[in-house]
Amino acid sequence: QVHLVESGGGLVQAGGSLRLSCAASGRTFSRYGMGWFRQAPGKEREFVAGINSGGSTYYADSVKGRFTISRDNAKNTVYLQMNSLKPEDTAVYYCAGGRGTIANRFEENYNYWGQGTQVTVSS
């Protein structure tokens, strides 16, 4: 059974930073792509960032240059460093485990999801 547990969300002022963590268990973490998605109130869930098993990264245009995804295979953890946060970044952020090595923007590419962590950016 694969489990993904996010942490690190909270309330921050615009321009501030947060780092989200996602601890994975239940399979060989290093073999799989990992992603971050988010869902704002009244909106559909959207892709934020992804990292392949080999370390290649992908970002939504809205977060490029501000967010950084990384992984520590020794700790079975994927991170999302969020800088220069904006009120429009407010959402529940979900960690997602890929079906294979690739981590792209398509939800069908992922078969495991965390419970989500709330990020609120005040203006």
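Definitions and limits used
Every chain is numbered independently, its residues counted from 1 as its sequence is written. Since the coordinates come from a predicted model, pLDDT governs what is reported: local features require at least 70, and pairs of side-chain atoms require 80 or more to be given and counted, while whole-chain, interface and lining totals use all residues. Computation of side-chain values: all heavy atoms of the structure, hydrogens and water removed. Two strands are said to pair when DSSP picks up at least two bridges between them. Helical segments are the DSSP runs of H or I of at least four residues, strand segments are the runs of E of at least two, and each set is numbered from the N terminus. Orientation is described by lines fitted to C-alpha atoms, with helices fitted over the stretch in contact, and by angles between N-to-C directions that extend from 0 to 180 degrees.

Draft legend 1. Seen up close, the sheet that holds strand β7 (residues 67-72). In space, the four strands of this open sheet follow the order β1-β3-β8-β7, with antiparallel pairing throughout. Of all strands in the sheet, those bounded by a partner on one side alone are β1 (3-7) and β7. With strand direction ignored, the average angle separating the axes of adjacent strands in the sheet is 15°. Direction of pairing for β1 relative to strand β3 (residues 18-25): antiparallel, over a ladder of five bridges. Each bridged residue has a counterpart across the sheet, and for L4 the counterpart in β3 is A24.

Draft legend 2. Unusual backbone geometry, seen in detail. Despite not being glycine, N76 shows a phi value in the positive range, around 50°. Turning to its location among the elements, N76 is positioned in the loop between β7 and β8 (77-82). Phi is positive for S84, close to 50°, though the residue is something other than glycine. Relative to the elements of secondary structure, S84 occurs in the loop between β8 and β9 (91-98).

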